[in-house]
Amino acid sequence: LIAYLVPHQGTTLDSAALRAFAATRLPDYMLPSAFVTLHALPLTINGKLNRTALPEPNLSGSDDHVAPRNAVEAVLVGIWAEVLDRPQVGVLDNFFELGGHSLLAVQIISRVREAFGEDIPLHTVFESPTIAGIASALMRNPVESERIERTAEVLLELAALSDEDAETMLLQRSQAE
């Protein structure tokens, strides 16, 4: 869902403020993935909205890409990139501005549980819709934070292995046992 907006002349619109306002009035599934500001709506010669002339929204994330700062954020970047089908995701990019919605948020929660063995509530994605926010929620428990960080490091090491290297490592482990 895309919201196309034409502000009054001399007025600028803040998409984060618009999203927050819309969230107080609309259910999650009706929240726009993007807000596109136009000088005027494109019209046909009959004066009707020309939907085909509406520009595509920029769903590439924030202009200032912030790379993962630790292993947990790096694993979360991989999860988000896969679920959102994006080649690049920054740790400060807003999940919903990247095209996320409630069903994809459930997938994120499920994959976080698979990766880290930790349940985070769904509302966390809506309250802190960035990788930095989700990582912070995961690391909130000091007892579990060390295990989560180590798990992330191991997942990154495994992801870096070729299939042949992974098979060799498994074979060596099974022979050692």
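Everything numeric in this text was worked out from a predicted model, so none of it was measured.

### Digging into the pairing of strand β2 (residues 34–37)
Along any regular strand, the residues point their side chains to alternate faces of the sheet.
So, point 1. With four bridges joining them, strand β1 (residues 2–5) and β2 adopt parallel strand pairing. Across the sheet, residue Ala3 finds its bridge partner in β2, namely Phe35.
So, point 2. Following the chain from β1 across helix α1 (residues 15–25) to the adjacent parallel β2, one finds a crossover that is right-handed.

### Topic: the nonpolar core
So, point 1. Residues Val72, Leu76, Ile79, Trp80, Phe95, Val112 and Phe116 are the most contacted members of the largest nonpolar core, which totals 30 residues.
So, point 2. At the level of secondary structure, the elements contributing two or more residues to this core comprise α2 (71–84), α3 (102–116), α5 (131–138) and α6 (142–160).
So, point 3. Dropping the residues within four chain positions of it, Val72 is found in contact with Phe116, Ala135, Leu138, Met139, Ile148, Glu149 and Ala152.

### Considerations on the confidence of the model for the chain
So, point 1. Chain-level statistics for the chain give a pLDDT mean of 86 and a share of 95% at 70 or above.
So, point 2. No element of the chain has a lower mean pLDDT than β2, which averages 80, and none a higher one than α2, which averages 95.

About the cut-offs
Residues numbered from 1 in each chain as written. Predicted model: local features only at pLDDT ≥ 70, side-chain atom pairs only at ≥ 80, totals over all residues. Heavy atoms only, no water. Pairing = 2+ DSSP bridges. Helix = DSSP H or I, 4+ residues; strand = E, 2+ residues; numbered from the N terminus. Right-handed = clockwise from strand over helix to strand, strands pointing away. Core = buried A, V, L, I, M, F, W, Y, C linked by side-chain atoms within 4.5 Å. Buried < 20%, exposed > 50% of the residue type's maximum accessible area, 1.4 Å probe, protein only. Contact = heavy atoms within 4.5 Å. pLDDT = per-residue confidence, 0-100.

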